[in-house]
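Residue-level listing of the chains:
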Amino acid sequence: MIEQQLCLERLESPGVLSWLEKSYRNPLPFWQALKETHDGILSWPGKSIPFANYDFYHDIVVRNQSNTAPAFCWHDRLTGWQKISYSQLGSLVKRKESAWLSAGVQPGKKVCIVLPLELKYLVYLLTALKIGAIVSTLPPQGNLFLRNRLEALSPEFVATDEMYLSMLIPWRENIIPEETMEGGAETDSEYSHTYSTGEIVSLCFDPSSKTPEVPRGLTSDAAYLCPLRDGLIALGIRPGDVLAAPGFHFLESQPALLLACLLNGGAYLNLEAEDVSDNPELLTEQPIRVLGVSRRLRNILLQKPVKLEKPLYYWFRNPAEALDIDQWQSFIEALELEKVYSGNVKIQSALGGCSLFSTKRQGQANVCLLYTSPSPRDQRPNLVCRILLVNVG
């Protein structure tokens, strides 16, 4: 019902979306209903209960064991397309878990992952969540960038790759040894940590804040419920759907965008804008259903257009970037996207997920914004507190 109301034809009015205000005034019944709907879509029920407890590993990996679609896909310049299933992903995590436990990682310990978005990043993220650590992620962007943030974070453990060790010399005693990172035998235990409501899951850095080097705590409620909501409603991801977002800002979008995909049984396609610039046809070689289009990716495709055919259903932009409405309309025409839905999604991982999203509209650049924020009463992540409609021209 919600999805039908959000999907509009070119000139169709959105009408009255009464469920938006209800979700704000009385959030608990909304989240319970959303979780029940979500459990009905996936083949196995999840263990997590809104505002009670959350098992990220089970609800991402274990419940998707029978999912025949990949969990993560990427393109290697030498070997071509690579894919890993949810089952294979679970095996890698169990192997890493055994090694990390031997290294002393325990529930409540702070682990910082210093890696770009890649398979190893995903494995380390899920390993930390399975153990019950407080996890942070940083891209390896240089010595000063890392020093300022790691000094503020003071992690007990740093998980990285040996190619980045030269940036992390002050934290060499905290780095999980490379031989440990390679992992060993899988753990026999199917146990995965359950975070209690209100428990801190992550310490995040917000690049849009006045203090981008200061970490902020993210509770289990926001870290789980916001991506679940975003994947189900804002992005419309269903089991097996492929999501890609080349060129989206790492610290703004990750790991929230990745979790939004995986919590809904989707396949995350990891492509960089540079990859598409070198070979735009990469976008046509995988069955992308939901595509995030950064301004940079748009400009690349305006110069090197490709035809994005079915199953592409929805593309979205970051409304915090310059609107350039004429350029976006030219993008739709150049790529023949008149029958594909478009929308806006502002992802803020420091808040757990998107702070703005929109209706989905066919055939034109979408300028509608739906505002999401936590409730000022109890800081629980609500779906929406008010609607902002931006009129252009």
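What you are looking at is a predicted structure, and each value in this text was computed from that prediction instead of being measured.

Asker: Sorry, what's going on with the overall build of the protein here?
Answerer: For the protein, the helix and strand inventory stands at 14 helices and 20 strands. Burial statistics for the protein: of 393 residues in total, 56% are counted as buried. For the protein, restricting intrachain contacts to residue pairs at least 6 apart in sequence, the fraction spanning at least 24 positions comes to 68%. Total accessible area on the protein stands at roughly 16,300 Å², and carbon and sulfur atoms take up 50% of it.

Asker: Would you mind showing me how to read the pattern of salt bridges here?
Answerer: Two side chains that carry opposite charge are able to pair once their charged atoms sit near each other. Enumeration over the complete set of coordinates arrives at 13 salt bridges. Measuring nitrogen to oxygen at the nearest pair gives 3.3 Å for the salt bridge that ties D241 to R289. One end of the pair, D241, is in the loop between α9 (220–234) and β11 (242–244); the other, R289, is in strand β13 (residues 288–292), and 48 residues separate them in sequence. On the basis of relative accessibility, which here comes to 13%, the residue D241 falls in the buried class. Among the ionic pairs, R295 bridges to D324, the shortest N-O distance being 2.9 Å.

Asker: Looking at this structure, I do not really get the side chain of N67. What am I missing?
Answerer: With respect to the helices and strands, N67 occurs in the loop between α4 (56–60) and β3 (70–76). For N67, a relative accessible area of 15% gives the class buried. Reaching out from N67, the side chain makes a polar contact with the backbone nitrogen of A69 at a distance of 3.0 Å. Within the structure, N67 has its side chain in polar contact with the backbone oxygen of G265 (distance 3.0 Å). With residues up to four places along the chain from it excluded, the contact list for N67 reads Y86, P239, G240 and G265.

Asker: How should I be thinking about the packing of aromatic side chains in this particular structure?
Answerer: Remark: the centre distance and the inter-plane angle together describe each pair of aromatic rings, the angle taken between the planes. Overall, the coordinates contain 14 aromatic pairs when judged by the stated rule. Plain terms: the ring middles of W315 and F331 are 5.2 Å apart, the flat faces sit at 75° to each other, and that makes the pair edge-to-face. Highlighted residues: W315 in strand β14 (residues 314–317) and F331 in helix α14 (residues 325–334), separated in sequence by 16 residues. Summarising the burial analysis for this pair, W315 and F331 share the class buried. One aromatic cluster is present, formed by Y54, F56, Y195 and Y224 through successive ring pairs. Here the guanidinium or amino end of K130 rests over the ring plane of Y57, the centre of that ring lying 5.1 Å away. Cation over ring: K360 sits above Y314, and NZ or CZ is 5.0 Å from the ring centre.

Asker: How should I be thinking about the packing of helix α3 (residues 27–41) against α9 in this particular structure?
Answerer: For any two helices packed against each other, one specifies the inter-axial angle together with the distance between the axes. In the contact formed by α3 and α9, the axes pass within 11 Å of each other and the chain directions differ by 60°. Our classification of the angle between α3 and α9 gives oblique. Here α3 and α9 pass one another in a crossing that is left-handed. Side by side, α3 and α9 meet where F30, W31, L34, K35, H38 and I41 of the first sit next to Y224, L225, L228, R229, L232 and I233 of the second. Residue composition of the contact of α3 with α9, grouped by class: nine nonpolar, one polar and two charged.

Asker: Would you mind going over the pairing of strand β5 (residues 110–114) with me for this structure?
Answerer: Each regular strand displays side chains that alternate between the two surfaces of the sheet. Counted residue by residue, β5 has four buried out of five residues, so it is predominantly covered. Where β5 meets strand β6 (residues 134–138), five bridges bridge the pair, whose relative direction is parallel. Its bridge partner lying in β6, K110 is registered against I134. For the segment spanning β5, helix α6 (residues 119–131) and β6, crossover handedness is right-handed.

Rules and cut-offs
- Residues numbered from 1 in each chain as written.
- Predicted model: local features only at pLDDT ≥ 70, side-chain atom pairs only at ≥ 80, totals over all residues.
- Heavy atoms only, no water.
- Helix = DSSP H or I, 4+ residues; strand = E, 2+ residues; numbered from the N terminus.
- Buried < 20%, exposed > 50% of the residue type's maximum accessible area, 1.4 Å probe, protein only.
- Contact = heavy atoms within 4.5 Å.
- Areas by Shrake-Rupley, 256 points an atom, 1.4 Å probe, with all protein chains shown as cover.
- Salt bridge = Lys/Arg side-chain N within 4 Å of Asp/Glu carboxyl O.
- Polar contact = N/O pair within 3.5 Å; in protein donor to acceptor, adjacent residues only side chain to side chain.
- Phe/Tyr/Trp six-rings, centres within 6.5 Å; stacked < 30°, edge-to-face > 60°.
- Lys NZ or Arg CZ within 6 Å of the ring centre and 35° of its normal.
- Axes fitted to C-alpha atoms, helices over the stretch in contact; angles between N-to-C directions.
- Parallel < 35°, antiparallel > 145°, perpendicular 65-115°, else oblique.
- Left-handed = near helix turned anticlockwise from the far one by under 90°.
- Nonpolar A, V, L, I, M, F, W, Y, C, P; charged D, E, K, R; others polar.
- Pairing = 2+ DSSP bridges.
- Right-handed = clockwise from strand over helix to strand, strands pointing away.

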